[in-house]
Amino acid sequence: MPNNRFKKSHPKPAITKIAKLGMDKKSFQQDFKHYYLHRLGRDENCRSPYYAYTASALSLSDRLIERWKSTYNTYRKNDCKKAYYLSMEFLIGRSMSNAMLNLGVEDPLRKALYELGLDIEELEDAEPDAGLGNGGLGRLAACFIDSCATLELPVVGYGLRYEYGMFKQLIENGYQVEEPDHWLKNGNVWELERPEYTQRIKFWGHTENYVDEQGTTRTRWVNSHDILAVPFDMPVPGFKNGTVNTLRLWKATATEEFDLDEFNAGEYAEAVAKKNNAENITMVLYPNDANENGKALRLQQQYLLASASLQDVIANWIGRHGTDFSRFAEKNCFQLNDTHPSISVAELMRLLIDEHQLEWDEAWEITTQTMAYTNHTLLPEALEKWSVGLMQHMLPRLMEIIFEINARFMAQVSAKWPGDFDRMRRMSIIEEGHDKQVRMAFLAIVGSFSVNGVAELHSKLLKEGLFKDFYELWPEKFNNKTNGVTPRRWLAGCNPELAALISKHIGDKWLTDLSQLDKLKSYTEDAKFRKQWREIKQANKQRLAEYALHEQGVKLNTDALFDIQVKRIHEYKRQLLNVLHVIHLYNRIKSGDTQNWVNRCVLIGGKAAPGYAMAKKTIKLINNVADVINNDPEVGDKLKLVFMSNYRVSAMEKICPAADLSEQISTAGKEASGTGNMKFMMNGALTIGTLDGANIEIREEVGDENFFLFGLTEEEVEALRGHYNPQTYIEQDEDLQAVMQLLECGHFNQFEPGIFDDIISAVKSPADPWMTIADFRSFVDAQRRVEQAFLKQEDWTRMSILNTASSGKFSTDRTISEYNDEIWKLDAVNVSS
Ligand SMILES: *Cc1c(COP(=O)(O)O)cnc(C)c1O
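Residues numbered from 1 in each chain as written. Predicted model: local features only at pLDDT ≥ 70, side-chain atom pairs only at ≥ 80, totals over all residues. Heavy atoms only, no water.

### Things to note about the overall build of the protein
Here is step 1: Each helix and strand in the protein was counted, giving 33 helices and 25 strands.
Here is step 2: Against the globule reference of 28 Å for 833 residues, the protein gives a C-alpha radius of gyration of 28 Å, in line with a compact fold.
Here is step 3: For the C-alpha atoms alone, the extent of the protein along its principal axes is close to 90 × 75 × 60 Å.
Here is step 4: A total of 833 residues make up the protein; the buried ones form 60% of that total.
Here is step 5: Sequence-distant contacts in the protein: of pairs separated by 6 or more residues, those separated by 24 or more amount to 78%.
Here is step 6: About 33,500 Å² of surface is accessible on the protein, with carbon and sulfur atoms providing 49% of the total. (Helix = DSSP H or I, 4+ residues; strand = E, 2+ residues; numbered from the N terminus. Rg over C-alpha atoms; globule rule 2.2 N^0.38 Å. Buried < 20%, exposed > 50% of the residue type's maximum accessible area, 1.4 Å probe, protein only. Contact = heavy atoms within 4.5 Å. Areas by Shrake-Rupley, 256 points an atom, 1.4 Å probe, with all protein chains shown as cover.)

Listed below in structure tokens is the structure:
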């Protein structure tokens with residue numbers, strides 16, 4: 001890369017070993033003061049906690065960077081095999097408390113700040129979330145890199161540095177309003193710009209053939225409009241092990257070359273303005289969860305991620321091994337987080353063939369031995385397709401390569417199933433039709449040696465449904481990797497009191513071996529332990545109530561059952577079913593049916609994709625129902641409904657420790673895994689859920705008697721399709737009739753006539769894919785069982801303890817160990833300090 005700052009001829013600074021920075025209270029105090037006073041220029045008169053946060057973060061960052069260097073040098077020395085996690089999303093949230101926890105300096109830093117009159121929690125709250133993801137898929141990537149570092153695996157995360165992350169959700173008159181999230185506006189303490197590793201990315205232009213010096217005909221991509229990808233690295237600390245891995249996020253910028261014609265024609269401003277165009281590519285995260293929409297800018301983002309990351313890895317390879325790629329596949333593995341980065345299959349082929357002169361067969365061998373693909377959804381509308389026309393225009397060389405991959409693949413299919421043209425049409429990477437499409441999932445499967453789903457049921461359904469043809473061709477490629485969450489952030493970090501109680505009784509090995517939590521099972525009969533367990537839950541509920549009062553202005557009674565559903569708003573997740581139940585509870589209160597009543601606070605939170613009308617209307621419905629219920633004196637403390645606005649990682653860290661009941665109520669067969677379900681379980685919530693995604697495995701682990709199961713199974717859902725008739729359910733169920741009647745008479749929209757008509761007709765439609773009405777009775781019955789159980793507080797506490805104790809399987813340490821044992825096959829590398 002032409003960059004004067006990094007010329008090889010510059011002298012190296014004569015810096016040898018220096019003493020490591022102190023990890024004690026005094027060292028932190030010194031560094032804090034230095035940054036606060038000298039770098040940030042603040043003093044005792046500054047009241048904003050933001051600067052105190054920044055000074056603390058800079059002090060921590062220095063210590064991370066030391067370990068980062070050691071890790072880098074150790075990996076280099078070992079020349080170890082590496083894996084690369086390619087993901088369009090990393091939903092990191094905040095970094096400071098995680099850095100403290102993983103460096104093991106919570107105590108000294110807390111005390112250092114306390115002595116300066118600062119409250120560390122207030123500083124933590126001043127950190128903006130890095131919201132570079134939509135929901136589960138992006139958060140999974142963040143949990144994964146935490147576990148990789150903790151397991152001492154040489155894994156690099158590759159993603160995009162969006163200037164604007166997930167939008168901020170405001171609620172106005174009950175409706176979602178989106179506000180841009182300019183999370184970088186005050187700078188980002190946790191990143192390090194590495195312009196020396198800038199990569200050049202081609203777009204547009206066309207291809208041409210030429211004959212090289214050896215007389216071989218080759219193809220090149222010419223007249224392209226190039227942009228630059230500049231890496232910004234974020235440190236990923238392992239848990240108290242000296243390892244700090246790298247998350248490398250690419251930012252798009254313009255090349256420094258100006259268009260000379262424009263320039264000379266006096267169009268100086270226009271030439272400079274092109275810079276803006278390039279920077280648009282990584283300007284904003286697409287806020288659609290499990291649903292893509294064919295926008296050119298999104299394809300540019302995907303290609304930038306793929307091309308920059310692969311070029312980075314190849315440059316590294318050449319720096320160490322020269323241009324001999326024969327051992328490349330032995331030393332490198334790419335894990336594709338969904339189809340978003342699957343253009344990597346074609347891009348690696350292009351780089352190897354066009355840029356490094358490999359033959360097709362060699363390049364294909366390498367590609368198919370290094371790529372591994374994770375599928376995240378069964379929803380057909382979420383399967384990515386790109387128009388062939390768009391690709392030919394934007395990525396002409398890539399489209400040629402995809403055609404060639406497909407031609408060879410079709411020959412393979414035809415050899416195995418001669419004359420089976422229907423199968424060829426089904427399996428083709430190119431979907432025929434008047435607007436031909438590239439099926440990205442198929443490109444990923446054909447180009448990968450491993451294809452995995454993210455929970456047992458999901459992986460089974462992939463083999464039986466969506467990817468059946470491919471499973472018949474390559475059964476050995478298919479495997480399951482049940483998701484998890486990192487217990488550092490989702491138990492130790494977010495629930496420190498519970499973590500301390502657990503460690504006091506079973507030691508602290510559970511932090512890196514979550515199966516140890518099993519030992520808690522012997523404490524269910526210890527009355528004192530149960531009391532402490534309950535008191536901690538109560539304190540967490542109190543904190544959440546304060547947060548809800550501050551954020552939403554509602555008062556919650558902390559003796560009530562905290563019944564929580566937080567996740568993206570989507571029809572398949574069935575927030576509507578939850579609302580129908582709340583309306584049913586309201587009806588019970590209004591009709592005096594309140595024997596053995598259990599007071600309940602129902603909290604619902606989540607963002608709707610800005611273009612998803614039904615999801616946005618669901619938010620409005622929740623808010624309107626909440627308005628009626630919360631302002632009815634007859635209801636009082638018996639029932640509260642709260643929409644928690646702007647759900648995000650830092651909100652979940654306050655929410656999941658306070659939950660009594662976790663709502664995981666998707667239509668069976670639609671939620672690939674879910675990970676919110678795991679965070680709640682780990683923190684001692686009981687689950688009410690369908691047999692869907694990882695709920696099935698959660699129930700297996702905790703036992704049926706500690707799980708509130710309801711609803712149709714996936715097989716029953718499929719069997720019902722085609723002759724589902726919601727009307728018959730309504731006719732046979734008086735409670736459901738009463739709920740529908742309230743909705744239909746406009747009880748919740750008295751001055752807004754008709755606004756919920758589309759929701760009402762959707763649930764009443766025989767074509768409702770989510771079959772909400774079909775599960776109503778079963779859901780209400782399960783909620784009755786919840787109430788009966790909650791009345792017996794000692795038994796409830798036993799079940800709560802058992803849920804945490806049985807959550808060991810759902811650590812991403814287990815998930816990542818499986819990825820490594822079965823797919824990546826990396827050696828752990830200890831970074832001795
Ligand atoms: C865990 C998490 C999710 C995923 O929740 P699901 O219930 O599995 O959909 C989404 N968003 C945030 C902020 C999370 O922390």
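Next, the rest of the story.
### A closer look at the state of the cysteines
Here is step 1: Tallied over the full model, the rule gives zero disulfides.
Here is step 2: Left without a disulfide partner, Cys 494 is nearest to the cysteine sulfur of Cys 656, which lies 4.0 Å away. (Disulfide = S-S within 2.5 Å.)

### A word on the sheet that holds strand β21 (residues 600-605)
Here is step 1: Pairing is parallel across the open sheet formed by six strands, whose spatial order is β22-β21-β20-β23-β24-β25. Looking at the sheet topology across the chains shown, the edges are occupied by β22 (639-644) and β25 (708-709).
Here is step 2: Alignment of strand β23 (residues 661-664) against strand β24 (residues 686-689), held across four bridges, turns out to be parallel. Its bridge partner being in β24, Ser 662 is matched across the sheet by Thr 687. (Pairing = 2+ DSSP bridges.)

### Focus: the site of the ligand
Here is step 1: Neighbouring the ligand are 14 residues; Lys 567, Lys 573, Thr 675, Gly 676 and Lys 679 lie closest to it.
Here is step 2: Between the ligand and Lys 573 there is a distance of 2.7 Å, counted from an oxygen atom to a side-chain nitrogen or oxygen.
Here is step 3: Residue Gly 676 places a main-chain N or O atom 3.0 Å away from an oxygen atom belonging to the ligand.
Here is step 4: Here the ligand, which alone exposes 390 Å², has 95% of that area covered by the protein. (Near = heavy atom within 4 Å. Polar contact = N/O pair within 3.5 Å; in protein donor to acceptor, adjacent residues only side chain to side chain.)

### Points about the pattern of salt bridges
Here is step 1: Under the criterion given, the structure shown has 68 salt bridges.
Here is step 2: For Lys 385, the salt bridge is made with Glu 431, and the minimal N-O distance between the two is 3.0 Å. Placement of the pair is Lys 385 in strand β15 (residues 385-387) and Glu 431 in strand β16 (residues 430-431), with a sequence separation of 46 residues.
Here is step 3: Classification of Glu 431 as partly exposed rests on a relative accessible area of 21%.
Here is step 4: Between Arg 600 and Glu 787 there is a salt bridge whose closest N-O contact spans 3.1 Å. (Salt bridge = Lys/Arg side-chain N within 4 Å of Asp/Glu carboxyl O.)

### Things to note about the sheet that holds β16
Here is step 1: What the three strands build is an open sheet, ordered β15-β17-β16; its pairing is antiparallel. Edge positions in the open sheet fall to β15 and β16, since each of these has one partner strand only.
Here is step 2: Looking at chain direction, β16 and strand β17 (residues 437-439) are connected through two bridges and run antiparallel. Considered in β17, the bridge of Glu 431 is made with Gln 437.

### Focus on the packing of aromatic side chains
Here is step 1: Summed over the entire model, instances satisfying the criterion amount to 27 aromatic pairs.
Here is step 2: Their ring planes at 70° and their centres at 5.3 Å tell us that Phe 144 and Tyr 819 sit as a pair that is edge-to-face. On the criterion of sequence distance, the pair formed by Phe 144 in helix α6 (residues 136-150) and Tyr 819 in helix α33 (residues 812-824) is long-range, its members being 675 residues apart.
Here is step 3: Exposure remark for Tyr 819: the relative accessible area of 0% places this residue in the buried category.
Here is step 4: Above the plane of the ring of Phe 232 lies Arg 161, whose end atom (NZ or CZ) is 3.9 Å from the centre.
Here is step 5: The positively charged end of Arg 423 is found above the aromatic ring belonging to Trp 417, 3.9 Å away from the centroid. (Phe/Tyr/Trp six-rings, centres within 6.5 Å; stacked < 30°, edge-to-face > 60°. Lys NZ or Arg CZ within 6 Å of the ring centre and 35° of its normal.)

### Some points on helix α14 (residues 396-416)
Here is step 1: With 21 residues, α14 should reach 30 Å at 1.5 Å per residue; the first-to-last C-alpha distance of 31 Å fits that figure.
Here is step 2: Buried residues of α14: Pro 396, Arg 397, Leu 398, Met 399, Ile 401, Ile 402, Ile 405, Asn 406, Phe 409, Met 410 and Val 413, and no others. (Expected span 1.5 Å × (residues − 1).)

### Describing the nonpolar core
Here is step 1: Ranked by size, the top nonpolar core spans 139 residues in total, and within it Trp 190, Ile 402, Phe 470 and Trp 824 carry the most contacts.
Here is step 2: No other element matches helix α9 (residues 296-321), which puts ten residues into this core.
Here is step 3: Apart from the residues within four sequence positions on either side, Ile 402 is in contact with Ile 343, Ala 346, Met 391, Ile 429, Ile 430, Val 438 and Leu 443. (Core = buried A, V, L, I, M, F, W, Y, C linked by side-chain atoms within 4.5 Å.)

### Things to note about unusual backbone geometry
Here is step 1: Within the chain, Asp 79 stands out as a residue other than glycine whose phi angle is a positive 50°.
Here is step 2: The topology assignment puts Asp 79 in the loop between α2 (49-78) and β1 (82-86).
Here is step 3: Phi at Asn 173 is positive, roughly 50°, even though this residue is not glycine.
Here is step 4: As for its position among the elements, Asn 173 is in the loop between β5 (165-172) and β6 (175-181).

### Focus on the pairing of β23
Here is step 1: Covered by surrounding structure in β23 are Leu 661 and Glu 663 together with Ser 662 and Gln 664, the residues of both alternating faces.
Here is step 2: Pairing of strand β20 (residues 561-566) with β23 involves two bridges; the strand directions are parallel. If you follow Ile 564 over to β23, its bridge partner there is Ser 662.
Here is step 3: Read as a crossover between parallel neighbours, the route from β23 over helix α25 (residues 676-682) to β24 is right-handed. (Right-handed = clockwise from strand over helix to strand, strands pointing away.)

### Focus on the environment of Leu 351
Here is step 1: Along the chain, Leu 351 falls in helix α11 (residues 344-355).
Here is step 2: Residue class for Leu 351 comes out buried when judged on its relative accessible area of 3%.
Here is step 3: Separated by 73 residues in the primary sequence, Leu 351 and Met 424 place their C-alpha atoms 28 Å from one another.
Here is step 4: Setting aside chain neighbours within four positions, we find Leu 351 in contact with Leu 310, Gln 311, Ile 314 and His 356.

### Some thoughts on the side chain of Ser 27
Here is step 1: Summarising the element assignment, Ser 27 is placed in helix α1 (residues 25-39).
Here is step 2: Among the polar contacts listed, one links the side chain of Ser 27 to the side chain of Asp 24, at a separation of 2.4 Å.
Here is step 3: Apart from residues lying up to four places away in sequence, Ser 27 is in contact with Gly 22 and Arg 63.

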